[in-house]
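Fold and contact review
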Amino acid sequence: MREEIYLDNASTTMAMPSVAEAMRDCMLNDYGNPSSQHSLGEIAAKKLKAAREGIGNALSVNSSEVVFTSGGTEANNLAIFGGAYARKKKGMHCITSTIEHPSVFNAFKRLAKEGWDVSYLPVSSDGFIDLERLSRLLRKDTTLVSIMHVNNEIGSIQPVKEVGKILNGLQNPPLFHVDAVQSFCRYTVNPKEWQAHMVSLSAHKIHASKGVGALFLKKGVKLNSLFSGGAQEAGIRAGTENVPGIVGMVEAVRCLKLKSDWNELNCLRLKRMLFDGLTEAIPEIFLIGPKLEESAYHILSMSLPGVPAEAMQRGLSAWYGVHVGIGAACSSKKKNASHVLDAIGLDPKLARCAIRVSLSQFNTEEQITRSIIAFRECYKRLLR
Ligand SMILES: Cc1ncc(COP(=O)(O)O)c(C=O)c1O
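This write-up is about the structure you can find in this document.

The rules behind each value
Residues numbered from 1 in each chain as written. Predicted model: local features only at pLDDT ≥ 70, side-chain atom pairs only at ≥ 80, totals over all residues. Heavy atoms only, no water. Pairing = 2+ DSSP bridges. Helix = DSSP H or I, 4+ residues; strand = E, 2+ residues; numbered from the N terminus. Core = buried A, V, L, I, M, F, W, Y, C linked by side-chain atoms within 4.5 Å. Buried < 20%, exposed > 50% of the residue type's maximum accessible area, 1.4 Å probe, protein only. Contact = heavy atoms within 4.5 Å. Right-handed = clockwise from strand over helix to strand, strands pointing away. Disulfide = S-S within 2.5 Å. Polar contact = N/O pair within 3.5 Å; in protein donor to acceptor, adjacent residues only side chain to side chain. Axes fitted to C-alpha atoms, helices over the stretch in contact; angles between N-to-C directions. Parallel < 35°, antiparallel > 145°, perpendicular 65-115°, else oblique. Left-handed = near helix turned anticlockwise from the far one by under 90°. Nonpolar A, V, L, I, M, F, W, Y, C, P; charged D, E, K, R; others polar. Near = heavy atom within 4 Å. Areas by Shrake-Rupley, 256 points an atom, 1.4 Å probe, with all protein chains shown as cover.

Quick look at the sheet that holds strand β10 (residues 299-303) now. Ordered by their spatial adjacency, three strands build an open sheet running β9-β10-β12, and the pairing between neighbours is antiparallel. Where the open sheet ends on each side, the last strands, each with one partner, are β9 (286-287) and β12 (354-358). In this structure, β9 lies alongside β10, joined through two bridges in antiparallel fashion. When the bridges of β10 are listed, phenylalanine 286 appears paired with serine 303.

What follows is the structure, encoded as structure tokens:
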């Protein structure tokens, strides 16, 4: 049987065995509702409390500042709509970048349709924001600024700490939200150091379950909740908590912390090996976004001119068992090229051939060697 090679970890990840085990145990044994007053409910509530402390510790924040959600999309929507609506009276101007994930980008588009004034901060051709331009966009009525940490398509890493510094230097600082879905457990995510009011996380990007995430919400910051319902999550997010998913998320955080240095070095080595090998095999290859060492260590975005990305993705997967991404997975069914590749001014011809490889701790040197051969053969077959 052929071994499948999974190189699409920015899209989602395989669960770690101990995560699946912790979730299974929780579903079969500790299945009470954490809001119930009986002993099974109390056990579930204890698990939830411990998990909240685990996420709080990972972010160096108080556990009471952690709100569990159904994932990164919900955390982003809660931060943006919840924050904007709660502060409407203070002003209706918001700022975000042109390369945000659709769960942020489209949320701002909706705010604009509802009458908010949204400014889009452009990025350079390698995908970085310009802090001076941000300063120039800020106004007295700016209520919300949302800038992502690591970009999911091209891996650029934004200077969110410097953004926080600029915003906090204002007389009336706007709410600052950071989408840290791609950086959590890969890079240090420290809301206090960033002076952020809200930070979004997702579990399925860190070898835990889909449908689970969290929002760091700074103490004292008021949000309008998105759902009507019970008083869960301090009344901010109604709905019974996904206790098994949350328990799995915190187990993933625990495991990744132990291996984080190794993981970074391993991914960096494999990324360099893959890119060097591909450059030799396919000299036409074009690196998209930041320089290799400047992008997030798990993301490599490149264009293979002359072969449409969808064909390459399907060919690699069906013929060679190598699974890669194209643009953002959640929006890759769209016909037009990604708004991120548009925003960095990439030639549409190159954008149509853009492949994203994203690595994890489970990838090996042998897999990369096989992938280089697969890329070379697949490219040759499809270029004809
Ligand atoms: C940067 C970023 N933000 C948000 C999300 C959405 O997270 P979720 O899939 O948990 O809704 C993703 C997922 O691709 C992402 O990469």
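What follows picks up the thread again.
Counting 54 residues, the largest nonpolar core has Ile55, Phe176, Phe184, Val199, Leu201 and Met249 as the members making the most contacts within it. Among the elements that take part in this core, helix α8 (residues 243-281) stands out by supplying seven residues, more than any other. Those residues within four positions of methionine 249 in sequence are excluded, and the remaining contacts are Ile55, Phe184, Leu201, Ser202, Ala203, Ile206, Ala208, Val212, Gly213 and Ala214. Residues Phe275, Leu316, Val322 and Ala374 belong to the second largest nonpolar core, which totals 31 residues.

Glancing now at the pairing of strand β5 (residues 142-146). By the criterion of burial, β5 is predominantly enclosed, with five of the five residues buried. Both strand β3 (residues 93-97) and β5 contribute to a ladder of four bridges, which runs parallel. In the strand pairing of β5, histidine 93 is matched with threonine 142. Relative to strand β6 (residues 175-179), β5 runs parallel, the two sharing three bridges. Along β6, the bridge assignment pairs serine 146 with histidine 177. Read from β5 through helix α6 (residues 160-168) to β6, the crossover connection turns out right-handed.

For the structure on display, the rule yields zero disulfides. In this model cysteine 267 remains outside any disulfide bridge; the closest cysteine sulfur is found in cysteine 185, 13 Å from its own. Residue class for cysteine 267 comes out buried when judged on its relative accessible area of 1%. Free of any disulfide, cysteine 353 has its nearest neighbouring cysteine sulfur in cysteine 378, separated by 13 Å. Using a relative accessible area of 6% as the deciding quantity, one classes cysteine 353 as buried.

Further remarks concern the side chain of histidine 204. With respect to the secondary-structure elements, histidine 204 resides in the loop between β7 (198-202) and β8 (213-217). At a separation of 2.6 Å, a polar atom in the side chain of histidine 204 contacts the side chain of threonine 12. Those residues in contact with histidine 204, other than ones at most four positions away along the chain, are Ser11, Thr12, Thr13, Ser209 and Lys210.

This next bit is on the packing of helix α9 (residues 309-320) against helix α12 (residues 365-383). Close contact between α9 and α12 brings their axes to 10 Å; oriented N to C, the two are set at 120°. It follows from the interaxial angle that α9 and α12 lie oblique. Here α9 runs over α12; the crossing is right-handed. Touching Ala311, Met312, Gly315, Leu316, Trp319 and Tyr320 of α9 are Arg370, Ala374, Phe375, Glu377, Cys378, Tyr379, Arg381 and Leu382, all from α12. Its residues placed into classes, the contact of α9 with α12 shows 10 nonpolar, one polar and three charged.

With that out of the way, let us pick up the pairing of strand β2 (residues 66-69). Burial of the side chains of β2 extends over both faces: Val66 and Phe68 are buried on one face and Val67 and Thr69 on the other. The pairing of β2 with β8 spans four bridges and is antiparallel. What sits directly across from phenylalanine 68, in β8, is alanine 214.

This part is about the site of the ligand. The local shell around the ligand holds 15 residues, among which Thr73, Asp179, Ser202, His204 and Lys205 are the closest. Between the ligand and lysine 205, the relevant distance is 2.5 Å, taken from an oxygen atom to a side-chain nitrogen or oxygen of the residue. Relative to its unbound accessible area of 390 Å², the ligand is 91% covered by the protein chains. Top contributing element to the shell around the ligand by residue count: helix α3 (residues 72-86), with three residues. By residue class, the composition of the shell around the ligand is three nonpolar, 10 polar and two charged.

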